Amino acid sequence: MINITRLVLQLLMASTLVLHAAQSPARPEPGRIDQQQVLASQGEPGNWLHGGRDYGQSHYSPLTQINRTTVTGLGYAWHLDLPMEHGYEATPLMADGVLYGSGPQGIAFAVDAASGGLLWQFDPDIDPQFMRKVCCGVVNRGVALSGDKLFVGALDGYLYALDRHDGSVLWRVDTFTDRGRGYTITGAPYIAKDLVIIGNAGAEFDARGYFTAYDAETGEQRWRFFTVPDNAEGPWEHPELAAAAPSWDPDSLWQVGLGGTVWDGMAFDPNLNLLYVGTGNAAPYPRKLRSPKGGDNLYLASILAINPDSGRLVWHYQTTPGDNWDYTATQKMILTELEIEGRTRRVLMQAPKNGFFYVLDRETGELLSAEPYASVNWASHVDQVTGRPVETSQAEYFDHPKLIFPGPQGAHNWQPMSYSPDTGLVYIPVKEAGAIWTLPEEPFAYQKGGLNSQSQYIFTTPGEWGLDSALAKTLPPFEELAAGQPDTTIRGFLRAWDPVAQRLVWQQETSGPWVGNMNAFWNGGGLLSTGGGLVFQGRGTGDLVALDAASGATLHSIAVGASMMAAPMTYSIEGVQYVAILTGIGGGNGNDYVPGMAAYTYGNQGRLVAFRLGGGEVPRRPVIARAETSLAQPPVPRRGTPEQIAAGANHYLRNCAKCHSNIDGRGSGIPDLRLMDAATHAAFADILLQGTLVAKGMGNFSDLLQPSEVDDLHSYLIDEAWRLYEQRSAEQTGAEWHSADTD
Ligand code: CA
């Protein structure tokens, strides 16, 4: 173990932080975060230097002050209100008494971890016009620390190196290869030695996945790795693409980009000198269209092991060959040692969207085991010898719609899982939901910068984006599709998984009051486990819950008054252990604002909240008085032919749904277009074609939509407004809601 005091400490120019540290002599002087410190972080339990705390990204802290016995005394310590009403997905870092976090669009901030005082804040100042290209919400999943720098990727593709002591910009680079395509950055940068590595999002649009390594000191590009080739014959940017090309049809839809975006999980093992990178799903979704003659389509939905010195691939493991189902393998990976059949193995663990929990030897990429951690029907099992999933007939939806488990949200998404070396268990926020997939008959038409996924799906829930949708009416009866398949009731669970035995040890249902609809699977946020024998989770209901890591029993629950998706973290300063979490929901797959959500009651302003033993109740924001505007009759009459409305629906899906996602039941705080007032209806064409609301973040679509298309879109939205009105009128005041009570 390397002693932190042997590390070179670098004194810095006077900054707020230094002044503060000088007043608190017990606090360590701010030093450079380097590889030694990261390696030593197990011996430095008060800090949290990576997204997952240690280099293994375990989301586990050895701190014990807050434990099974004391946790009932955990309460409010402080809070800090943050900009924007939107989803916060990052796990803050803690070094030298300072918390570092990020939020929507790539804002970043530094906060005194003992008092909650803001030290500095950074805003990348995104051009509102850029918001049009957002695939999955304007979220950000975190920052990285190295040396005196804090790194954050902004939504619009710029990677920033900030002085971590005052937030000033030291350098920035444009990480995008083509600004006309649907790229965004939503993921956190990762550090490997003297490099900072960043990928991007946008596979559903027209992104060709890649990730890039920059010199952390200067921002100079060292190497770039594309996850998929862009042609059949070459030349290619690097030799791994020549190896991948035979896994694609020469007539693949190269111009679309094909996906494989790197939007979330990475990990670096400094001992093996390997950087692990998870790659995303395919675009378009159906392989039949994307690569008509088939093939595995490397390196989609894969885990790549990269030598960071050279940028060359050392091994790869593809979780979902020839992906048709949005089964990303971008989910966060955990590196640890496990005792398997009498041998200590250095493993990489991942629970990707496809429903199988993978344990790989992280030196070689050998599959050690893979078993389903949720309902799976697209594959019967993963073959231990070939390492490949064995697909079932249920997986193929091109000729007949199929109910496929897991659905495109995955059995696990970006919400961090956590591994406790004390219990030997991995804690996973699991989503139990299938989706009915179908391939439309309309021919595929590539739209640059637009949605290019082609396949369509609905969830097994009542309502406009489920079994009452227009699409559902074109499908075989639900009973027929669901016959013989897993339980179609949408639910969420916190599952404790034994990664050696590959079996469930305990679970707690986290559906809240939403059993059967999509909020059930988004209610359970990311996880933290601790040396105090606890697992922490924030929920959409506004409850921060502490469970017994061994049994799953709920030991304590705190009403935070804010909806949560992000993972909690913990740290210690001057002998006091804190738990902190970023609050705020939203994003491409955030919860809807419905009764029962804290965001519905108290609003969704971002907030960083910290807790300590002996703390009190969390101060709540005022309850929002919500007029039932959705029950008002739409201010304009229905119009348009069924064909125009159908065409408008398509324009909505391709251009609007990424932000105005309310119509599919996934609100994000951005206006619900079904509830437009008369003035907005009157200004509709000008808003889209003249850009009259650009200053408010609503882009100008004149380069993407013709006036007649805007008219069809408007007809569709008016039709949707009337459908909502008729539905709500029929329901009168709607269902009763209960406070969250899970067990
Ligand atoms: Ca996707």
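One can find the structure itself at the top, above this paragraph.
Residues numbered from 1 in each chain as written. Predicted model: local features only at pLDDT ≥ 70, side-chain atom pairs only at ≥ 80, totals over all residues. Heavy atoms only, no water.

Q: It is not clear to me how the coordination of the calcium ion should be interpreted in this structure. Could you clarify?
A: Reference values for coordination geometry: four tetrahedral donors around a metal ideally subtend 109.5 degrees, six octahedral donors ideally subtend 90 or 180 degrees. Ligation of the calcium ion by protein atoms is provided by Glu-204 (OE), Glu-204 (OE), Asn-281 (OD1), Asp-326 (OD) and Asp-326 (OD), these donors lying 2.3 to 3.0 Å from the ion. If you list the donors of the calcium ion from N- to C-terminus, the spacing comes out as E-x76-N-x44-D. Of this pair, Glu-204 sits in the loop between β12 (195–198) and β13 (210–215) while Asn-281 is found in the loop between β16 (274–278) and α4 (287–290), placing the two residues 77 residues apart along the sequence. (Donors = N, O, S within 2.8 Å, 3.2 Å for Na, K, Ca; no water. Helix = DSSP H or I, 4+ residues; strand = E, 2+ residues; numbered from the N terminus.)

Q: Looking at this model, I keep getting lost on the packing of aromatic side chains. Mind explaining?
A: Two aromatic rings are characterised by how far apart their centres lie and by the angle between their planes. On inspection of all chains with the given rule, the structure shows 28 aromatic pairs. Both rings, one in Tyr-457 and one in Phe-459, keep their centres 5.7 Å apart while their planes meet at 80 degrees; by these two values the pair is edge-to-face. Connected via pairs of aromatic rings, a cluster forms that spans Tyr-285, Tyr-397, Phe-398, Trp-437, Tyr-457, Phe-459, Phe-521 and Trp-522. One Lys or Arg, Arg-208, reaches over the ring of Phe-226 and ends 3.9 Å from the middle of that ring. Arg-495 extends its terminal NZ or CZ atom over the ring of Phe-493, reaching a point 4.5 Å from the ring centre. (Phe/Tyr/Trp six-rings, centres within 6.5 Å; stacked < 30°, edge-to-face > 60°. Lys NZ or Arg CZ within 6 Å of the ring centre and 35° of its normal.)

Q: Where do I start with the nonpolar core in this structure?
A: Soluble globular proteins: nonpolar side chains tend toward being buried together. If you look at the biggest cluster of nonpolar residues, it comprises 81 residues, and the most contacted ones within it are Leu-99, Tyr-100, Tyr-571 and Phe-611. Among the domains, domain 1 (1–25 + 90–188) and domain 2 (59–88 + 420–428 + 491–505 + 516–624) are the pair contributing at least three residues each to this core. Not counting residues up to four positions away in its chain, the partners in contact with Phe-611 are Leu-74, Gly-75, Tyr-76, Ala-77, Leu-544, Ile-558, Val-560, Gln-577, Tyr-578, Val-579, Ile-581 and Val-618. Of all hydrophobic cores here, the second largest spans 49 residues; its members include Tyr-327, Ala-370, Phe-398 and Trp-522. (Core = buried A, V, L, I, M, F, W, Y, C linked by side-chain atoms within 4.5 Å. Buried < 20%, exposed > 50% of the residue type's maximum accessible area, 1.4 Å probe, protein only. Domains from an automatic or database assignment. Contact = heavy atoms within 4.5 Å.)

Q: Explain unusual backbone geometry to me, please; I cannot follow it from the model alone.
A: What is expected of a backbone is that most residues other than glycine have negative phi and most peptide bonds are trans. Omega for the peptide link from Ala-283 to Pro-284 comes to -10 degrees, which places this bond in the cis form. Here Pro-284 lies in the loop between β16 and α4. In this chain, Phe-405 is followed by Pro-406 through a cis amide linkage whose omega measures -10 degrees. With respect to the helices, strands and loops of the structure, Pro-406 is situated in the loop between β25 (402–404) and β26 (418–420). A positive phi angle, near 55 degrees, is found at Gln-57, a position not held by glycine. On the secondary structure map, Gln-57 appears in the loop between α2 (35–39) and β1 (60–61). With phi around 55 degrees, Asp-96 is a residue other than glycine that occupies positive phi space.

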